[in-house]
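# Coordinate inspection notes
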Protein chains: 2
Amino acid sequence: MKDSWATFGADLHLETKGSTGLRAGLMDALREAVRTGRLTPGTKLPSSRSLAADLGIARNTVADAYAELVAEGWLTARQGSGTRVARRAEPRRTATRAVPSRPVSSRPARNLMPGSPDVSSFPRAEWLKASRRALTAAPNDAFGYGDPRGRVELRTALAGYLARARGVYADPERIVISAGFVHALKLMGTVLRKRRVREAAVESYGLDVHWRLLTDAGLRIPHLPVDEHGARTDDLDRIRGIGAVLLTPAHQFPTGVPLHPDRRAAAVDWARRTGGLILEDDYDGEFRYDRQPIGALQGLDPEHVVYLGTASKSLAPGLRLGWMVLPERLVGEVVEAKGINDWSSSALEQLTLAEFIESGAYDRHVRAMRLHYRHRRDQLVAVLAERAPDVRVSGIAAGLHAVLELPEGGEASALRAAAWQGLALEAFSRFRHPEAAPGPDALVIGYGTPTDSAWAGTLDALVHVLWSVTSEP
Amino acid sequence: MKDSWATFGADLHLETKGSTGLRAGLMDALREAVRTGRLTPGTKLPSSRSLAADLGIARNTVADAYAELVAEGWLTARQGSGTRVARRAEPRRTATRAVPSRPVSSRPARNLMPGSPDVSSFPRAEWLKASRRALTAAPNDAFGYGDPRGRVELRTALAGYLARARGVYADPERIVISAGFVHALKLMGTVLRKRRVREAAVESYGLDVHWRLLTDAGLRIPHLPVDEHGARTDDLDRIRGIGAVLLTPAHQFPTGVPLHPDRRAAAVDWARRTGGLILEDDYDGEFRYDRQPIGALQGLDPEHVVYLGTASKSLAPGLRLGWMVLPERLVGEVVEAKGINDWSSSALEQLTLAEFIESGAYDRHVRAMRLHYRHRRDQLVAVLAERAPDVRVSGIAAGLHAVLELPEGGEASALRAAAWQGLALEAFSRFRHPEAAPGPDALVIGYGTPTDSAWAGTLDALVHVLWSVTSEP
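Here is a short report on the structure shown in this document.

Basis of the calculations
Residues numbered from 1 in each chain as written. Chains lettered and ligands numbered in written order. Predicted model: local features only at pLDDT ≥ 70, side-chain atom pairs only at ≥ 80, totals over all residues. Heavy atoms only, no water. Helix = DSSP H or I, 4+ residues; strand = E, 2+ residues; numbered from the N terminus. Buried < 20%, exposed > 50% of the residue type's maximum accessible area, 1.4 Å probe, protein only. Contact = heavy atoms within 4.5 Å. Areas by Shrake-Rupley, 256 points an atom, 1.4 Å probe, with all protein chains shown as cover. 1 Å grid on protein atoms, 1.4 Å probe; cavity = no way out; pocket = protein on both sides within 12 Å on 5 of 7 lines; lining within 4 Å. Points joined across faces, edges and corners; volume = space filled by probe spheres on them. Nonpolar A, V, L, I, M, F, W, Y, C, P; charged D, E, K, R; others polar. Expected span 1.5 Å × (residues − 1). Pairing = 2+ DSSP bridges. Right-handed = clockwise from strand over helix to strand, strands pointing away.

## As for the overall build of chain A
Scanning chain A for helices and strands turns up 15 helices and 17 strands. Split into buried and exposed, the 473 residues of chain A put 59% on the buried side. When contacts within chain A are restricted to residue pairs at least 6 apart in sequence, those whose partners lie at least 24 apart make up 74%. As displayed, chain A has an accessible area near 18700 Å², and 51% of this comes from carbon and sulfur atoms.

In structure tokens:
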């Protein structure tokens, strides 16, 4: 026994930072020996005196390590039977620890998928400055559990910003911070179901992940056709029993058209007449290029519109910050749905965004990005006009994506050609509601996604894809 | 008409930052005039030429403002009928905007509520340093949508830390980041229900908010009695149909006892025999004062234990960061429950914590706080020994709280006296499972909560509360 333990001792990588380090090292080594099956259940361990002598360390260190491993359940110590490996400490089937995997980027080199801003433009230095100011000024209670609506500093900053920039009728009392749009829509799904709403209309083109949040909450989702004036909100009255409607009024996703004034009016009229709710997804309301952004629908009727905003397009999805501006009567219900114990966003990040907005850095960033994206858009349009003049581009007055119309049947061959080019993009039909009538063949191009260095090559690949489609018989 | 508009114009607070500012100011003023009912639905507006003359600004500015308000739905413009206030733009019932409320601290001046660390000790400077390094080094994809398990940098740092400091068998592939313990337990409730588990045993003393998360998921929660050796895990076999058990092995909450080695063994044996799951709530495992922390139960059997940790006690609840170390077979199910689109924690905050751990700042902070809390605990014990020697203190070998035993019937009068003293604390019975047998009268004292400046006064108030109880007949 003593021999094997001497060998065992030689394997130990004992740290030399005093007795605590030695003890911890010994404990690790013993645990590992049990795990790997080198010490089998029931095995009697050498006395602490004898192992200490083998290892040339103090007896107390060994005795302490044994005592702690007994407390943890690895060893047992019974009067008269010494210290043994516990029966239940069975060796692991896979003895070696899995090698930590490094992040593998699943993105293709050329990415025109819609839905993400240019994350390489995240204003790191400005954000850090705001973070320093926020962290320095934060009251102690910012580090504790807080208001389930979110930090009042951020709600106050947002109220001012949204009123100024988006025409939203906002006051901090009716704002609730969420971990992004998806979180907010989940909450609304729960609230609608609790209100016994059964049908929430959606646009005939949109994001299925959003629709699924509503159906997961138990709602049916009839669709409103989308045409060149946006969603047919005048149809709301024709579909029975609708209690809510999810709209993208500033910039319909993915067609890119703004909701026509008459359609805005029809939506508000419907909500007032029926007590229905409009869920306004203002995902990229800040990015409009050829004129001032169209103000939010919410301003027209704050008691019938739930305004849903996010930092995911204007700053970065990685922040996981979104906000809801609610009709007054819904604030309590949303807070309840959020769960009184689910403060889901970091208070420090909330304070940083508040400081970022109040200092004017948010406005500056949005302005800079607007120029950046407009430049991208202009380049896209120019390149297509020159090199693929048959392709009609639409939905480009705002936002981070464009729709490229293809000849009939062109989607499938475009996707094949894109795969060949290592280019990621989405077919227009991918966004169609399952019950909606088929639409034209087209591509939805997210021109905000590529980094500056990848942009030219990505455009080139896109042109090749379009060539392969439009040159087909 | 012209006169009233001239008056109206005088009210406008037009910014002077060029025409965009003027237009925005005019739009705000017009919206506000509609909102407050000054301009009623159907009212015809002056021509852009005439209003521009009144206001002394360019006609185009007015025309643009009108056009945008038409696009937003505030005004209508019909051929031959001029520009009018839209019919649906009804004045708001409450014309004045609610005054933003400032945060009101709901905390009493003297706070001994358990459950929160000393948030005034948050290491702001060190955190900011880590934040700067993390933000500078972050790859661009950190700002995008990411791995639903959380950032690999944080999972890697945690795997190393948890193995070293808590004896957890962790590798980054089986770690999932959550927005804190509550979020993690919610996810586990969902996973358990999907696995058709119906009963999840809990300890007879604990937190009802945690129990509610399980019952909300549709689970029944039979209780295991807690004695001086912790939860009676040897009872697990006696209760039928249990599929999981929620335990606080390192430091039972609120009694403060560690789970006895035999009980650890019984829990693991049960899990292996039945395929059950142990949910290990290691909320304050780092804070043990009179000996090294007891390693996590998870190390004994990583395939049957879900380890749940959090930064809420070691750093601050405001970070909203927690972690789960999962049996390999559960990783996919937890990720599914989390929702493929619900990346609930800020990537920057995750990277900052990773950097904070890797740089050694986390260990230093935990060590410093351990000294701090031990000092607090020693002061509490010394003050009680001197001034309230009849009160037995227990559960103080670890953690941030102590249990103070009272004479029979003492809880109610202690709470009354505490209210009188403006002192917040919790009765022991508050943590009792509804079906558990009544326990002793006692108080649960969170000695980590008060700030340094409030500590002496808080202790003094506590002594007065105890006097009023123990001196009663």
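## Some details on empty space enclosed by the protein
Per the stated rule, a full pass over the model turns up six cavities of 30 Å³ or more. There is about 150 Å³ of room inside the largest cavity. For the largest cavity, the lining is made up of 15 residues, of which A:Ser131, A:Glu349, A:Thr352, B:Ser131 and B:Glu349 are closest to its centre. Broken down by secondary-structure element, the contributors of at least two residues to the lining of the largest cavity are helix 5 (124–137) and helix 12 (347–358) of chain A together with helix 5 (124–137) and helix 11 (347–358) of chain B. The residue makeup of the lining of the largest cavity, split by class, is nine nonpolar, four polar and two charged.

## Focus: helix 4 (residues 59–72) of chain A
All names here are of chain A. Its 14 residues place the ends of helix 4 20 Å apart at the C-alpha level, agreeing with the 20 Å of an ideal helix rising 1.5 Å per residue. Where helix 4 is concerned, the buried positions are Thr61, Val62, Ala65, Tyr66, Glu68, Leu69, Val70, Ala71 and Glu72. Looking one or two residues past helix 4, glycine 73 carries a phi angle of roughly 100°, positive in sign.

## Topic: the side chain of A:Asp363
Residues and elements named next belong to chain A. Structurally, aspartate 363 can be placed in helix 13 (residues 361–387). On the basis of relative accessibility, which here comes to 19%, the residue aspartate 363 falls in the buried class. Filtering out sequence-adjacent residues up to four positions away, aspartate 363 remains in contact with Tyr161 and Arg164.

## Points about the pairing of strand 10 (residues 277–281) of chain A
Residue and element names in this part refer to chain A. In terms of burial, strand 10 is a largely internal element, five of the five residues being buried. Covered by surrounding structure in strand 10 are Leu277, Leu279 and Asp281 together with Ile278 and Glu280, the residues of both alternating faces. As paired elements, strand 9 (residues 242–247) and strand 10 share four bridges and run parallel to each other. Residue pairing for strand 10: leucine 247 is matched across the bridge by glutamate 280. On the question of chirality, the crossover connecting strand 9 to the parallel strand 10 by way of helix 9 (residues 261–274) is right-handed.

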